[in-house]
Amino acid sequence: MASFLDPLIAFVSAHPWLAYLTLFLAALLEAVPVVGSLVPGSTIILALSALVPGGELKLWAVLAAAIAGAALGDGTAFWVGHRSQREILSVWPLKNYPAVVAQSEAFFQSRGALAVFFARFVPPIRAFVPITAGALGMPPLRFYGVNIPAILLWAMAHVLPGVFAISVLHEYFGHHHGTAKHLWVLAVLIGALVAALAIWIIRRRQGGGVIEPARPVK
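Nothing here was measured: the structure is a model prediction, and the numbers come from that model. (Residues numbered from 1 in each chain as written. Predicted model: local features only at pLDDT ≥ 70, side-chain atom pairs only at ≥ 80, totals over all residues. Heavy atoms only, no water.)

Student: What exactly am I supposed to notice about helix α2 (residues 16-30) here?
Tutor: Residues lying three or four places apart along an α-helix face the same way, a consequence of the helix completing one turn every 3.6 residues. Between the first and last C-alpha of α2 there are 21 Å, a value that for 15 residues agrees with the 21 Å anticipated at 1.5 Å per step. Among the residues making up α2, those that are buried are Ala-19, Tyr-20, Leu-23, Ala-26, Ala-27, Leu-28 and Glu-30. (Helix = DSSP H or I, 4+ residues; strand = E, 2+ residues; numbered from the N terminus. Expected span 1.5 Å × (residues − 1). Buried < 20%, exposed > 50% of the residue type's maximum accessible area, 1.4 Å probe, protein only.)

Student: What's the story with empty space enclosed by the protein in this structure? I'm lost.
Tutor: The method is simple in principle: a probe with the dimensions of a water molecule rolls over the atoms, and the space it marks as empty is what remains. Counted under the stated rule, the structure contains one cavity of 30 Å³ or more. Lining the largest cavity, in full, are Asp-74, Val-116, Ala-119, Arg-120, Arg-126, Val-129, Pro-130 and Asn-147. Listed by contribution, the elements that provide at least two residues to the lining of the largest cavity are α6 (113-119) and α7 (129-135). Of the residues contributing to the lining of the largest cavity, the split by class is four nonpolar, one polar and three charged. (1 Å grid on protein atoms, 1.4 Å probe; cavity = no way out; pocket = protein on both sides within 12 Å on 5 of 7 lines; lining within 4 Å. Points joined across faces, edges and corners; volume = space filled by probe spheres on them. Nonpolar A, V, L, I, M, F, W, Y, C, P; charged D, E, K, R; others polar.)

Student: What am I meant to see in the packing of aromatic side chains here?
Tutor: Taken as a whole and judged by the stated rule, the model has six aromatic pairs. On the numbers, 4.2 Å between centres and 10 degrees between planes, the contact of Phe-78 with Phe-143 is stacked. In this pair, Phe-78 is assigned in helix α4 (residues 59-84) and Phe-143 in helix α8 (residues 140-172), connecting sequence segments 65 residues apart. Both residues of the pair, Phe-78 and Phe-143, count as buried. Seen in terms of ring centroids, Phe-117 and Phe-118 are 5.5 Å apart; in terms of plane orientation they differ by 90 degrees. Their pairing is edge-to-face. Judged by its relative accessible area of 40%, Phe-118 is partly exposed. Directly above the aromatic system of Trp-154 lies the positively charged group of Arg-120, at a separation of 4.7 Å from the ring centroid. (Phe/Tyr/Trp six-rings, centres within 6.5 Å; stacked < 30°, edge-to-face > 60°. Lys NZ or Arg CZ within 6 Å of the ring centre and 35° of its normal.)

This is the structure:
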């Protein structure tokens, strides 16, 4: 693990802008319908947060990149839905995922504006609720009034745990700061794999996943 991570950490130290761009794109793509269900944006953000305590990345820049990507992704999806109204929910690629569209619509209708807030923390629904909110006619000011605070909390919830964990592990392992980074990244990757496996098992038991495309009618 160390043999793989050490060159990566060194590369990021020499080219931090690439890490910030990766964080921005990870947060952005997580907000894109269908694509957001496949991109491990949260895992990327959690892992790269380990590079803040050592100075390879700046905390304010990591937060800014994650916030900007999520805001642009959610905002774009909302305006696409707002301009197209309900018809956007029945065109490609959304028409291939009727189950998750229906689930997002039900989630939004049952919780109203709070759905926009909570959806930011619930994959894969977070990739569908902004466009659904726009398609169902949610006023822009109301959307952003809920979405922006949710994004700020979401970004801090994904970045600060890594910063705190590395700081604690650094104190525990003394001057072996690299060890702390390796342990955190390994824990994040294992956690992501376990979560993905658990979701896959649950979907299999339920007879399929909500993000599976609909089967063509013969």
